[in-house]
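Close look at the chain arrangement
Residue strings, one per chain:
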Amino acid sequence: KPFQITPDIYGQAYKTYQNMFVYPKNRIMQLLLLILAVDFGYHGGKDPSNKMAFILMFVCLALIAVLWFNPRKMRRSVMDVVREIEGDEYIFNLYEDRMSFRTLPPDTQETDDVPAEPSVLYLNSEMKASEKAEFFLICKGKQLFYVLPKYALNDNQADILRDTLKNNLGKRFRCNI
């Protein structure tokens, strides 16, 4: 059956995506830059004539701020786009070794010959997934992700999807409900 994704669900899903792929790398970079900033600050304090140490310390602090701010800015940009496509309808299908998502054109009813081509995701090693209380987040690598709200599934379908993801993805599937 066709379903829609609310901006609220999409925002939560995008934050989950960032927690899986963006924030871990950013936190490591921020920690390394903080260590460098402290080191440059120490050497600048030890020798106040060493202006380069202070400049490098402030460069490190500026980079830390950029690494902190950019994911939030990106989330706002993505949410602006999501608000523009609010109301689009999607169809999800689950098979033994793959799943598909299809966007329905805005002015069609569900028919047998929907013109939109489905996006097919094979349950393989490049796929990761996460289950939250309100949705499933399905990622193909780090570039693509799909959101499947639980209100689009009945309880039986959610259980089948959870079991399929557990069996096919193993540790690459996180269930956080």
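Up top is the structure these notes are about.
Computed from a prediction, not measured in an experiment: that's the story for all the values here.

**A closer look at a nonpolar patch on the surface**
Taken together, the side chains of Ile-28, Met-29, Leu-31, Leu-32, Leu-34, Ile-35, Val-38, Phe-58 and Leu-61 define a hydrophobic patch exposed on the protein surface, amounting to about 870 Å² of accessible area. Contributing elements (two or more residues each) for the nonpolar patch: α2 (23-46) and α3 (51-84). Looking at which element gives the most residues to the nonpolar patch, the answer is α2, with seven residues. Along the chain, Val-38 turns up in helix α2.

**Quick word on the side chain of Ser-130**
Tracing the backbone shows Ser-130 in strand β4 (residues 127-131). Those residues in contact with Ser-130, other than ones at most four positions away along the chain, are Thr-16, Met-20, Phe-135, Phe-136, Leu-137, Phe-173, Arg-174 and Asn-176.

**Focus on the state of the cysteines**
Counted under the stated rule, the structure contains zero disulfides. Free cysteine Cys-175: the closest other cysteine sulfur is in Cys-139, separated by 15 Å.

Cut-offs applied
- Residues numbered from 1 in each chain as written.
- Predicted model: local features only at pLDDT ≥ 70, side-chain atom pairs only at ≥ 80, totals over all residues.
- Heavy atoms only, no water.
- Patch = residues over 30% accessible without salt bridge, like charges linked within 9 Å, V, L, I, M, F, W, Y side chains within 5 Å.
- Areas by Shrake-Rupley, 256 points an atom, 1.4 Å probe, with all protein chains shown as cover.
- Salt bridge = Lys/Arg side-chain N within 4 Å of Asp/Glu carboxyl O.
- Helix = DSSP H or I, 4+ residues; strand = E, 2+ residues; numbered from the N terminus.
- Contact = heavy atoms within 4.5 Å.
- Disulfide = S-S within 2.5 Å.

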